[in-house]
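Observations on the three-dimensional arrangement
Residues per chain, in single letters:
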Amino acid sequence: MNTEQPKKELSAIKGTKDILPQEARLWQIAEAAAKEIFELYGYRELRAPVIEPTELFEKGTGASSDIVTKEMYTFTDKGGRSVTLRPEYTPSVVRAIIEHRLDLQPQPLRFYYIGPMFRYDKPQKGRYRQFHQIDIEVFGEKDPAVDAEIVEMAHRLLRQLGVENVTTMVNSVGCKKCRPAYGAELRKAAAAVKDRLCPDCQRKAELNPLRIFDCKIETCREVASNFPKITDFLCAECQEHFQEFLGYLDFYGIPYRVDPTLVRGLDYYTKTAFEIVAEHLGAQNAICGGGRYDDMVREFGGPDLCGIGFAMGLERLLSVAKIEPPKKSFVYFAYLGEEAKKQSIATARYLRSEGIECLVEFKDRGMKAHFSRANKIGADWVLIIGEDELAKGKFQLKDMIDSKQYEGTAEELAKIILLKDKKGIKSREE
Ligand SMILES: [Zn+2]
Ligand SMILES: [Zn+2]
């Protein structure tokens, strides 16, 4: 037997991690809940590739955004083309809409997706270079009711996964008509206090002062809190949209806080922007963030199609979710001899068709070794097939929790197992 330790270079790439079965169970539950809820609202899954041309994000995410300037996982492929592991999902969906002319379908279009995203960020606790997002997008719906619908949908998912004590922050970041005037005021304000900003924000002060609000450095945040507020500059259309959006949130009974410094780390937002923050993760680590991007499809050379969506970080979501995996029993087969092995395989096949989880192991064992194995792996039931059982065509079923033993045909025993499962047995793992 080779007992050598695996060499260091065979560990997972920095900033990535394996999700082992026990944890993956929780991921499956969260993902299933998301899919079920989104489908209830008429959203359908759209799966785009993990890699995209780099220009897609330079254009879509915004060349001056932190994601594009600092965090893109970009490399040159063998054909000499610059490709990027997607840092976010929205540009991919926009590309897919234009490429497949999905805009010709009846609107609005509602999509969702769950999958990995990549950012070449400095790995730190709770942050990964490969992380996972739940993403939803709506295209072709101007009504602010849909802005509130997606917030409500996010809340429903959080509730279902036991996430409590969340705060919803909302803002309007204006539109093409009203943002330039605000941008000019902001640039003036930023220039006046430039020496108090970090080098990165000094650069942003000229390039895109709105991005200063994304800075995580405390002094920059303090300086930025005195900057002019976008909400004082909204045009009539943006103002009306914002008020209606808030009205629908009230209608849904969703508490919120208006935060005029909430601009989201992306260039493409227009009008609505929001974030959902969980109490013990803090404002720097929103679980969910989203907003409207009414110009994005057109700026990509597509039709005039407004859009809105959100992304929810699965790692963060799972760090605050309270998920109880449902208890389901499983049957371990204890058999003696070749004939009984085959009978076990056949019986397991039948039980599985009845929805009962079965484990048949092929290692030759004595009955005592079978039971010790069954105990070790936490089997709820042991189905015993020895010579007597083969002769009778009836098997022994031992309930490993209360030690009761039953005798019967496969059909009879299946009924016993299903009946007890239905009553909700406690797993031995507890
Ligand atoms: Zn406006
Ligand atoms: Zn800064």
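Residues numbered from 1 in each chain as written. Chains lettered and ligands numbered in written order. Predicted model: local features only at pLDDT ≥ 70, side-chain atom pairs only at ≥ 80, totals over all residues. Heavy atoms only, no water.

1. A few points about the coordination of the zinc ion (ligand 2)
- Coordination of the zinc ion (ligand 2) by the protein comes from Cys 198 (SG), Cys 201 (SG), Cys 215 (SG) and Cys 220 (SG), over a distance range of 2.2 to 2.4 Å.
- Geometry at the zinc ion (ligand 2) is tetrahedral, judged from the four donor atoms that bind it and their angles of 105 to 119 degrees at the metal.
- We note that the donor set of the zinc ion (ligand 2) lies within a single chain, spaced as C-x2-C-x13-C-x4-C. Of this pair, Cys 198 sits in the loop between helix H6 (179-192) and helix H7 (199-207) while Cys 220 sits in helix H8 (residues 218-224); the two residues are 22 residues apart in sequence, bridging distant segments of the chain.
- With a relative accessible area of 12%, Cys 198 lands in the buried category.
- The class of Cys 220 is buried, set by a relative accessible area of 0%. (Donors = N, O, S within 2.8 Å, 3.2 Å for Na, K, Ca; no water. Tetrahedral: all angles 85-135°; square planar, octahedral: opposite > 155°, others 65-115°. Helix = DSSP H or I, 4+ residues; strand = E, 2+ residues; numbered from the N terminus. Buried < 20%, exposed > 50% of the residue type's maximum accessible area, 1.4 Å probe, protein only.)

2. Considerations on the packing of helix H12 (residues 338-353) against helix H15 (residues 410-423)
- Two numbers describe how H12 lies on H15: the axes approach to 10 Å, and their chain directions differ by 45 degrees. One element, H12, and the other, H15, form an angle in the oblique class. Of the two elements, H12 crosses H15, and the hand of that crossing is right-handed. Of the residues in H15, those touching H12 at Thr 347, Tyr 350 and Leu 351 are Ala 410, Glu 411 and Ala 414. (Axes fitted to C-alpha atoms, helices over the stretch in contact; angles between N-to-C directions. Parallel < 35°, antiparallel > 145°, perpendicular 65-115°, else oblique. Left-handed = near helix turned anticlockwise from the far one by under 90°. Contact = heavy atoms within 4.5 Å.)

3. Digging into the pairing of strand S5 (residues 109-118)
- Counting buried residues in S5 gives ten out of ten residues, a clear majority hidden from the surface.
- Pairing of strand S1 (residues 44-45) with S5, which is carried by two bridges, proceeds in the parallel orientation. Residue Glu 45 lies in a different strand from S5, and its bridge partner there is Tyr 112.
- As defined by bridge partners, S5 adjoins strand S6 (residues 130-139) across ten bridges and the pair is classed as antiparallel. By the bridge assignment for S6, Tyr 112 is matched with Ile 136. (Pairing = 2+ DSSP bridges.)

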